[in-house]
Amino acid sequence: MQSVGQYTRSARLMNHMAATRGIDLQQGVARDEIRVGALVCAVTRCAACTGQEQCVLWLAAQGDRKAAATPDYCENSEFLARLLPEDEDDVAYETEGEE
């Protein structure tokens, strides 16, 4: 069983990963676009993931840039992809070296 601290850390990682994809989880819940139960399941998947340290490093490397995808090892890639706007072309992604 995961500790409260692990769930708190995982919730922060999930929020950061979502923001990196251009998704505002809090706003989605407030607008009833994201069910709280689905978000709890996503945080639970994150808490059980063995790649959290890799995730922290990946997120740090992104800085304030938007990412076109989550890392391959992300347990919530599909969940986050379903939350993206239908017209993803409206989301501007930056790559290293671009200004």
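Above this text you will find the structure in question.
The structure reproduced in this document is the subject of the present report. Keep in mind the model is a prediction, meaning the values are calculated, not measured.

Thresholds, definitions, all that
Residues numbered from 1 in each chain as written. Predicted model: local features only at pLDDT ≥ 70, side-chain atom pairs only at ≥ 80, totals over all residues. Heavy atoms only, no water. Core = buried A, V, L, I, M, F, W, Y, C linked by side-chain atoms within 4.5 Å. Buried < 20%, exposed > 50% of the residue type's maximum accessible area, 1.4 Å probe, protein only. Helix = DSSP H or I, 4+ residues; strand = E, 2+ residues; numbered from the N terminus. Contact = heavy atoms within 4.5 Å. Salt bridge = Lys/Arg side-chain N within 4 Å of Asp/Glu carboxyl O.

Turning next to the nonpolar core. Met14, Met17, Ile23, Leu25, Leu59, Phe79 and Leu80 are the most contacted members of the largest nonpolar core, which totals 19 residues. Contributions of two or more residues to this core are made by α1 (4-20), α3 (36-48), α4 (52-62) and α5 (77-83). Per element, the largest residue contribution to this core is five residues, and it comes from α3. Those residues in contact with Ile23 that lie beyond four places of it in its chain are Ala18, Leu80, Leu83 and Leu84.

A word on the pattern of salt bridges. All chains considered together, the criterion is met by one salt bridge. Here Arg9 and Glu53 are joined by a salt bridge, their closest N and O atoms 2.8 Å apart. Pair noted here: Arg9 is in helix α1 and Glu53 is in helix α4, with a separation of 44 residues, a long-range link. For Arg9, a relative accessible area of 30% translates into the label partly exposed.

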